[in-house]
Amino acid sequence: MTQFTRIALIGFGEVGQILAEDLVGRVELSAWDTAFVDPQSGPSRALPGFARRGGDAADAVRGAQLVVSAVTAAQDLEAARSVGPGLEPGAFFLDLNSCSPGQKTASAEAIHAAGGRYVEAAVMS
């Protein structure tokens, strides 16, 4: 079983923050959220103490063995594309987003093209 020591969170809304709470102090953690451009946004205010803030998505995933994408369905493909330049070869990209199979396929293709390994997942309430 692989033990991840470096994890990146793409999306720092409700799900990203819950994951960060569980991971802080256990792994080297980084994060990116498009809301980080506004220092007064909820994700920006929630980040300190949890994770290193990436300068962008690619920066946040550099060195990560596991990338967890927890963005809105509308941003699923853009999130997958945005991490490509920083994605480590063979890194896992766990896609928690709820979107269509076609969208998931396009995201998987973007991750595979960047050298990563796409894992489709879902969060259920």
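To keep things clear, this report deals only with the structure shown in the data block. A quick note: this is a predicted structure, and the numbers were derived from the prediction, not measured.

Counting 35 residues, the largest nonpolar core has Ile-7, Leu-9, Ile-10, Phe-12, Leu-29, Val-67 and Val-83 as its most contacted members. Among all residues touching Ile-10, those that are not within four sequence positions of it are Trp-32, Ala-57, Ala-60, Val-61, Val-67, Val-68, Ser-69, Ala-70, Val-71, Ala-79 and Val-83.

Attention now goes to the pattern of salt bridges. Applying the stated criterion across every chain yields a total of 4 salt bridges. In this structure, Asp-59 engages Arg-52 in a salt bridge whose closest nitrogen and oxygen atoms are separated by 3.2 Å. When its relative accessible area of 38% is taken as the criterion, Arg-52 is described as partly exposed. Residue Lys-104 is joined to Asp-95 by a salt bridge in which the shortest nitrogen-to-oxygen separation is 3.5 Å. A relative accessible area of 8% places Lys-104 in the buried class. You can call Asp-95 buried: its relative accessible area is 0%. Several salt bridges converge on common partners, so that one network encompasses Arg-52, Asp-59 and Arg-62.

Here we come to the environment of Phe-4. Relative to the assigned elements, Phe-4 resides in the segment before strand S1 (6-10). You can call Phe-4 partly exposed: its relative accessible area is 23%. In sequence terms Phe-4 and Gln-65 are 61 residues apart; their C-alpha atoms lie 6.2 Å from each other. When near neighbours in sequence (up to four residues on either side) are disregarded, Phe-4 contacts Val-27, Gln-65, Leu-66 and Phe-92.

Turning to the packing of aromatic side chains, a few remarks are in order. Going through the model one piece at a time under the given rule, you end up with 4 aromatic pairs. Relative to Phe-92, the ring of Phe-4 has its centre 5.8 Å away and its plane inclined at 75 degrees; by these criteria the two rings are edge-to-face. In this pair, Phe-4 sits in the segment before S1 while Phe-92 sits in strand S5 (residues 92-95), placing the two residues 88 residues apart along the sequence. For Phe-92, a relative accessible area of 23% puts it in the partly exposed group. Seen from their ring centres, Phe-12 and Phe-36 are 6.1 Å apart, and the 55 degrees between their planes marks the pair as tilted. Highlighted residues: Phe-12 in the loop between S1 and helix H1 (14-23) and Phe-36 in the loop between strand S2 (28-32) and helix H2 (42-46), separated in sequence by 24 residues.

Rules used in this analysis
Residues numbered from 1 in each chain as written. Predicted model: local features only at pLDDT ≥ 70, side-chain atom pairs only at ≥ 80, totals over all residues. Heavy atoms only, no water. Core = buried A, V, L, I, M, F, W, Y, C linked by side-chain atoms within 4.5 Å. Buried < 20%, exposed > 50% of the residue type's maximum accessible area, 1.4 Å probe, protein only. Contact = heavy atoms within 4.5 Å. Salt bridge = Lys/Arg side-chain N within 4 Å of Asp/Glu carboxyl O. Helix = DSSP H or I, 4+ residues; strand = E, 2+ residues; numbered from the N terminus. Phe/Tyr/Trp six-rings, centres within 6.5 Å; stacked < 30°, edge-to-face > 60°.

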